[in-house]
Amino acid sequence: MIRFEGATKTFPDGTVAVGGLDLLAATGSITVLVGPSGCGKTTSLRMVNRMIEPTGGRIMIDDRDTASMDAAQLRRGIGYVIQHAGLFPHRTIVDNIATVPRLLGWDRSTTRNRALELIERVGLPASFAGRYPHQLSGGQQQRVGVARALAADPPVMLMDEPFSAVDPVVREQLQEEFLRLQSELGKTILFVTHDIDEAVKLGDQVAVLRVGGVLAQVADPATLLRDPVDDFVADFAGRDRGYRGLGFRPAPSLTPRSEPAVTLGTSPEEVRRSGNAWVLVVDDDRRPLGWVEPARVTEPVATDRLHRGGTVARLDGSSRAILDAALSSPSGRGVVVDDDGCLLGTVTSAEVVAALQSPPGPDSSGQP
Amino acid sequence: MNDVLKWLTDGAHWRGGEGIPLRLGEHLLYSGLALLVAAVLAVPLGLWVGHTGRGRYLAVNVSGGLRAVPSLGLLFAAIMLLGPRLSGEAGVFIPSELVLVVLAVPPILAGAYAGVEQVDAAARDAARGMGMRGWQVLWQVEVPNAMPLVISGLRSAALQVVATATLAATVGLGGLGRFLIDGLSVRDYAQMAGGAVLVAALALLVDLLGATLQRLVVSPGVTGQTGRSTARTRRGGRLRLALRS
Ligand SMILES: Nc1ncnc2c1ncn2[C@@H]1O[C@H](COP(=O)(O)OP(=O)(O)OP(=O)(O)O)[C@@H](O)[C@H]1O
Ligand SMILES: [Mg+2]
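The rules behind these values
Residues numbered from 1 in each chain as written. Chains lettered and ligands numbered in written order. Predicted model: local features only at pLDDT ≥ 70, side-chain atom pairs only at ≥ 80, totals over all residues. Heavy atoms only, no water. UniProt positions renumbered as here; feature names shortened; annotations may be inferred. Pairing = 2+ DSSP bridges. Helix = DSSP H or I, 4+ residues; strand = E, 2+ residues; numbered from the N terminus. Axes fitted to C-alpha atoms, helices over the stretch in contact; angles between N-to-C directions. Polar contact = N/O pair within 3.5 Å; in protein donor to acceptor, adjacent residues only side chain to side chain. Near = heavy atom within 4 Å. Areas by Shrake-Rupley, 256 points an atom, 1.4 Å probe, with all protein chains shown as cover. Left-handed = near helix turned anticlockwise from the far one by under 90°. Contact = heavy atoms within 4.5 Å. Nonpolar A, V, L, I, M, F, W, Y, C, P; charged D, E, K, R; others polar. Buried < 20%, exposed > 50% of the residue type's maximum accessible area, 1.4 Å probe, protein only.

Looking up chain B in an unreviewed UniProt entry gives the name ABC transporter, permease protein (Cluster 13, osmolytes), with the organism given as uncultured Nocardioidaceae bacterium. The record held by UniProt for chain B lists under Sequence similarities (unreviewed entry) the comment "Belongs to the binding-protein-dependent transport system permease family."

Below you can see the structure in the form of structure tokens.
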């Protein structure tokens, strides 16, 4: 647990970067600090490992005042990941990862094994061990940065915009894997970003700061999107926050309508039998493959003729996923599948919206 | 040209109390000692300036100023000031070494502080953030990454010193400069040119040694990425300078 108690940083030139921050980052969860540029996110983060010394207030880690600890010792117990990874150019990947264990005096073989294990843990091939940082892409370097921070298995991690210097596709991958890792490791993480989408995606709790390092609101992502406390937070949360908020709302209870489906190789006449403008195609296990337009089918259904635009959703997923399935389907009927990915039926966006509007029944969904 | 070759290949010049091997040995002694003293002074100082950022202004100006000092003038001034207080050969030897040290300090100092300064700020930040203490950051991160520039400073200094160590002969000491001075006094141009060729060859050899050192001590992770071309042009410049003098 990290607790800011009136933490303040006034720089020598008079800039108040953080003005009396009170915040609690709970053990085993991800707390995201988000806010506009210059609002004091980095300063707040770096006060935790005393890369910046607070000028007022206290910061406690598990009820120990960080100010009372030796700074270097404190830092060795905290994972630290920064935007441009900051790998050591002269050290190989495995040696970069081994940095903190070495500082802690672990023996050689334990250190090496741990480093090799982490290379794979963060999704890099084992053959990268002997490479140097300049032989890696930005995204790969960032993974090494995460591995290096995890090396000594610190309970607390500080991450300052770790994924913001890579392209959107890689960022998405890194975010997914970060969440997967965290679900295995359960670290106490303080994560800085200026991107509200990243904040609501990763955070168990999101703290929005305004300039001057003042807390505007701290809440779980769904609450933040649904119920911003003021105009500043509302603006920051963005225009389509209503729609994005559905991502945190369980899908409403709906009964999918049964959908006539055909398999690959079905003849054109057979496809036209239902009379619908679009016909769903499934494989032999009834897993959805795509849609076809009977009017344009001239030969038995083949894979390369399928329209694959529609997403699929599950009944125990989010409202956003099920609404998106309906909206993205060329037929207007969103495909709903069971846990094995087999077709249950379809729903229309009108049905989803209607269900969302009716008051939620007593714990209607969200159950496994 | 032919005369020079004849002079260089004449077996008599390679023997005895005034032969080429002895002069070469003397030359190496003067140069090596000066370089060693300069490195012991300037490398730690440069690393410290680069690490702390303190005294940078002073370091830039002092090394700039030292570069502007004319070697010959300094040599005579030093002999006039120090000579009377020292006995025998030391009266010229120490002033000569002093001149060479003054010559070698600026490039070594500049190489060391510039080397540390150019280390990736994110890498230093990460080093500190992971719990390295100041000297660990210096020793484990800054020094290894500064190595290319540190060594290129040493190589520049070595070339200048090897070329300038010829001055020792003007005040009665040995070294390859003897062939230039003695040759001049008896108008033996073959000997003079032969001496110059030897100095140039030695300079080349020393630089080759520097290149080998660089390959041995610099991590491939660092060279694969930075400094190669700058080091090369720098060296080329020095080499031309060395050959001219
Ligand atoms: N060393 C310093 N001296 C003076 N002012 C500083 C110093 N470091 C940061 N500041 C100021 O403190 C404020 C907060 O800076 P900080 O780096 O914490 O912002 P941030 O929220 O991380 O911004 P960004 O999203 O751009 O990274 C800014 O106004 C900045 O200019
Ligand atoms: Mg920042």
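Asker: Can you break down the sheet that holds strand 12 (residues 279-282) of chain A residue by residue, with the values?
Answerer: All names here are of chain A. A sheet is described by the order of its strands in space; here three strands give the open sequence 11-12-13, paired in mixed fashion. At either end of the open sheet lies a strand with only one pairing partner, and these are strand 11 (261-263) and strand 13 (288-292). Strand-to-strand twist in this sheet, taken as the mean axis angle between neighbours without regard to direction, amounts to 40°. Taken together, the four bridges between strand 12 and strand 13 define a ladder with antiparallel strand orientation.

Asker: Which residues make up the side chain of Lys 187 of chain A, and what values go with them?
Answerer: Residue placement: Lys 187 of chain A occurs in the loop between helix 7 (168-185) and strand 8 (188-193). From its side chain, Lys 187 of chain A meets the backbone oxygen of Pro 154 of chain A in a polar contact 2.9 Å long.

Asker: Any chance you could break down the pairing of strand 1 (residues 2-10) of chain A for me, citing the residues and the numbers?
Answerer: Residues and elements named next belong to chain A. The sheet contact formed by strand 1 and strand 4 (residues 56-61) spans five bridges and is antiparallel. Following the sheet pairing, Glu 5 is matched in strand 4 by Arg 58. With six bridges connecting them, strand 1 and strand 2 (residues 16-25) associate as antiparallel partners. Pairing of Ala 7 across the sheet is with Leu 21, part of strand 2. Between strand 1 and the antiparallel strand that follows it, strand 2, lie five residues; Gly 14 among them carries a positive phi value of about 100°.

Asker: Lay out the site of ligand 1 with the relevant residues and their values.
Answerer: Residues and elements named next belong to chain A. Lining the immediate environment of ligand 1, one finds Phe 11, Asp 13, Thr 15, Ala 17, Ser 37, Gly 38, Cys 39, Gly 40, Lys 41, Thr 42, Thr 43 and Glu 161. Here an oxygen atom of ligand 1 sits 2.6 Å away from a polar atom, N or O, in the side chain of Ser 37. The side chain of Lys 41 places a nitrogen or oxygen atom 2.7 Å from an oxygen atom of ligand 1. In the complex, 62% of the free accessible area of ligand 1, which totals 640 Å², lies under the protein chains.

Asker: Now, about the packing of helix 2 (residues 20-52) of chain B against helix 7 (residues 134-164) of chain B: what can you tell me, with residues and values included?
Answerer: All names here are of chain B. Between helix 2 and helix 7, the shortest axis-to-axis distance is 9 Å and the interhelical angle comes to 145°. Considering the relative orientation of helix 2 and helix 7, their crossing is right-handed. Contacts between helix 2 and helix 7 involve His 27, Ser 31, Ala 34, Leu 35, Ala 39, Leu 47 and His 51 from the former and Gly 134, Val 137, Leu 138, Glu 142, Val 143, Val 150, Leu 154, Ala 157, Ala 158, Val 161 and Val 162 from the latter. Of the residues that constitute the contact of helix 2 with helix 7, the class distribution is 13 nonpolar, four polar and one charged.

Asker: How would you explain the UniProt feature "domain: ABC transmembrane type-1" (unreviewed entry) in chain B if you had to name every residue and give the values?
Answerer: As annotated by UniProt and renumbered to match this structure, "domain: ABC transmembrane type-1" (unreviewed entry) occupies residues 24-210 of chain B. Helix makes up 82% of residues 24-210 of chain B and strand makes up 0%, while its end C-alpha atoms are separated by 18 Å.

Asker: Which residues make up the pairing of strand 16 (residues 343-348) of chain A, and what are the values?
Answerer: All names here are of chain A. With five of its six residues buried, strand 16 lies for the most part within the structure. Relative to strand 16, strand 15 (residues 333-337) runs antiparallel, the two sharing five bridges. Paired with Val 336 across the strands is Gly 345, a residue of strand 16. The turn linking strand 15 back onto strand 16 is made up of five residues, and Gly 341 within it adopts a positive phi angle of 85°.

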